[in-house]
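Summary of the model geometry
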Amino acid sequence: AKSDEHDAAAAAISHLPHLLAEALAVIAGEVPLAFGLAAGSFRDGTRVAGTAPDLVRAMCEGNSGHLLPAVDRVIELLTGARESLASQNSVADLVAAGHAARTRYDSFPRSDIFTVVIGAENWREELAAAGRAGGVIRSALPILDTPQ
């Protein structure tokens, strides 16, 4: 179903990054000198850890069925990188795969949605279709005037 496709995507591109940012922040907080040395990589990697915890919990817990496989996959990837680092002193496979995926993201064609009128006819379908096509929401207007 389209909603499952959307929920799986949201788990991968929103909810999992929140959990990873939280974990990065926790790990750095456990190393006394870390915050004093932290710069761009830490700032960028943990930015969303500044989001209100109740909001993060609501997002993640509300999509747990799709978030769990994403967490399993990141654990699998990190375990493979850990094993490779321990046995061959290399993280080449994960770094190459991650760089290739990020390069695909950077070149992914995107269209713009200039206006989404919530409540307009077929607005949900139009928004979902634009999202699947890589659209970026520029604005969302309030619900059309409706009888109270």
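Basis of the calculations
Residues numbered from 1 in each chain as written. Predicted model: local features only at pLDDT ≥ 70, side-chain atom pairs only at ≥ 80, totals over all residues. Heavy atoms only, no water. Helix = DSSP H or I, 4+ residues; strand = E, 2+ residues; numbered from the N terminus. Buried < 20%, exposed > 50% of the residue type's maximum accessible area, 1.4 Å probe, protein only. Contact = heavy atoms within 4.5 Å. Areas by Shrake-Rupley, 256 points an atom, 1.4 Å probe, with all protein chains shown as cover. Axes fitted to C-alpha atoms, helices over the stretch in contact; angles between N-to-C directions. Parallel < 35°, antiparallel > 145°, perpendicular 65-115°, else oblique. Left-handed = near helix turned anticlockwise from the far one by under 90°. Nonpolar A, V, L, I, M, F, W, Y, C, P; charged D, E, K, R; others polar. Expected span 1.5 Å × (residues − 1). Bend = angle between axes of the 7 residues up to and from the residue. Phe/Tyr/Trp six-rings, centres within 6.5 Å; stacked < 30°, edge-to-face > 60°.

Things to note about the overall build of the protein
When helices and strands are counted, the protein shows seven helices and four strands. The secondary structure elements of the protein, listed N-terminal to C-terminal, are α-α-α-α-α-α-β-β-α-β-β. With 148 residues in all, the protein has 15% of them scored as buried. Intrachain contacts of the protein at a sequence separation of at least 6 include 67% that bridge at least 24 residues. Accessible surface computed for the protein: about 10900 Å², of which carbon and sulfur atoms make up 61%.

Things to note about the packing of helix α1 (residues 2–29) against helix α4 (residues 53–61)
The interhelical angle for the contact between α1 and α4, taken along N-to-C directions, is 130°, at an axis separation of 9 Å. Put simply, α1 runs oblique to α4. The element α1 and its partner α4 pack so that their crossing is left-handed. Here α1 contributes Ser14, His15, His18, Leu19 and Glu22 to the contact with α4, which in turn contributes Val56, Met59 and Cys60. Class assignment for the residues of the contact of α1 with α4 results in four nonpolar, three polar and one charged.

Looking at the side chain of His15
Here His15 lies in helix α1. When neighbours within four sequence positions are excluded, His15 is seen to be in contact with Ala10, Met59, Cys60, Asn63 and Leu67.

Things to note about α1
In this model α1 runs 39 Å from its N-terminal to its C-terminal C-alpha over 28 residues, within 8% of the 40 Å that 1.5 Å per residue would give. At Ala11, α1 shows its maximal kink, close to 45°. What α1 keeps buried is the set Ala10, Ala11, His15, Leu16, His18, Ala21 and Ala28. Against α2 (34–37), α3 (40–46), α4 and α5 (64–88) lie the buried residues of α1.

Comments concerning the environment of Val117
Residue placement: Val117 occurs in strand β2 (residues 116–117). As a C-alpha pair, Val117 and Leu127 span 10 residues in sequence and 9.8 Å in three-dimensional space.

What to know about the packing of α1 against α5
α5 packs onto α1 with a crossing angle of 55° between their chain directions and a minimal axis gap of 8 Å. As judged from the angle between their axes, α1 and α5 are oblique. When you trace α1 past α5, the crossing you get is right-handed. Counting all contacts with α1, which are made through Asp4, Asp7, Ala8, Ala11, His15, Leu16, Leu19 and Leu20, the residues of α5 involved are His66, Leu67, Ala70, Val71 and Val74. Residues that form the contact of α1 with α5 fall into these classes: nine nonpolar, two polar and two charged.

Some details on the packing of aromatic side chains
Taken as a whole, this structure holds one aromatic pair when the rule is applied. Ring geometry for Phe35 against Phe42: centres 5.9 Å apart, planes inclined by 50°, an arrangement best described as tilted. Exposure remark for Phe35: the relative accessible area of 51% places this residue in the exposed category.

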